[in-house]
Amino acid sequence: MKRILILTILVLGVAGCAAVTERFGLGRKAGGTAQEGPIDPFVPADPAEVPTLDLATAAPPPPPAARSAEALDTTTPEQRAAAAVPAAAGGRVLGTTVAALGDPTQPGLWLKTPLVAAEAKGRVTNPATGKSSAVTLIPLGGAATAGSQMSLSALRLIGASLTELTEVEVALEG
């Protein structure tokens with residue numbers, strides 16, 4: 001770590017080094033007034049920008065030692081049962097998308113897809129198995145024909161492979 005810091009000082013100079021050390025939280029003394037943890041450009045600074053997942057599809061994060069699909073899937077049996085109940089009439093079909101496994105450490109039942117512009121309650125159906133799941137639909141940049149990312153919990157619930165691409169039907173609920 002010291003070699004990287006020294007190399008950074010040589011390349012960036014003292015002013016650039018200060019930015020790097022603050023970015024990675026280096027040189028911070030205990031009880032300092034600096035922000036806790038490193039600054040992450042991908043995490044919104046304003047808590048209002050963080051989407052709030054529907055409680056029916058949210059779950060606690062998996063334990064740090066989780067390595068199996070069972071350990072990473074923190075949805076409760078009750079949540080899985082409720083999510084698998086077929087949707088009531090009145091939903092609007094958005095289309096189909098090819099889904100891959102999203103971040104397996106991000107808990108809950110969700111689908112990140114370019115088929116929505118705002119977070120919404122939805123349902124995904126695996127035509128190969130006929131199984132469906134209630135999910136939180138989360139916007140994902142890209143063309144509507146681009147692929148999507150699905151939570152480990154939702155993929156397991158609809159009987160899809162965790163290692164292959166799966167075509168799913170996406171609908172808004174309600």
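Conventions used here
- Residues numbered from 1 in each chain as written.
- Predicted model: local features only at pLDDT ≥ 70, side-chain atom pairs only at ≥ 80, totals over all residues.
- Heavy atoms only, no water.
- Salt bridge = Lys/Arg side-chain N within 4 Å of Asp/Glu carboxyl O.
- Helix = DSSP H or I, 4+ residues; strand = E, 2+ residues; numbered from the N terminus.
- Buried < 20%, exposed > 50% of the residue type's maximum accessible area, 1.4 Å probe, protein only.
- pLDDT = per-residue confidence, 0-100.
- Contact = heavy atoms within 4.5 Å.
- Pairing = 2+ DSSP bridges.
- Axes fitted to C-alpha atoms, helices over the stretch in contact; angles between N-to-C directions.

K.L.:
Give a description of the pattern of salt bridges that names residues and reports values.
P.N.:
Opposite charge on two side chains allows them to pair when their charged atoms are near. Applying the stated criterion across every chain yields a total of four salt bridges. Residue Glu70 pairs with Arg156 through a salt bridge whose shortest N-O separation is 3.6 Å. Pair noted here: Glu70 is in helix α2 (residues 69-72) and Arg156 is in helix α4 (residues 152-157), with a separation of 86 residues, a long-range link. Given a relative accessible area of 53%, Glu70 falls into the exposed group.

K.L.:
Give a detailed account of the confidence of the model for the protein, specifying residues and quantitative values.
P.N.:
Mean pLDDT over the protein works out to 78, with 68% of the residues at or above the 70 mark. Contacts for the low-pLDDT stretch residues 47-51, under 50 throughout, to residues beyond four places or in other chains number three contacts.

K.L.:
Tell me about the sheet that holds strand β3 (residues 120-125), residues and numbers included.
P.N.:
The six strands lie next to each other as β1-β5-β2-β4-β3-β6, forming a closed barrel whose pairing is mixed. Within this sheet the neighbouring strands show an average axis-to-axis angle of 40°, counted without direction. The sheet contact formed by strand β1 (residues 92-101) and strand β5 (residues 148-150) spans three bridges and is parallel. The residue bridging Ala100 from the neighbouring strand is Gln149, located in β5. The sheet contacts of helix α3 (residues 77-84) involve β3 and β4 (132-139), and relative to β4 the element is tilted by about 90°.

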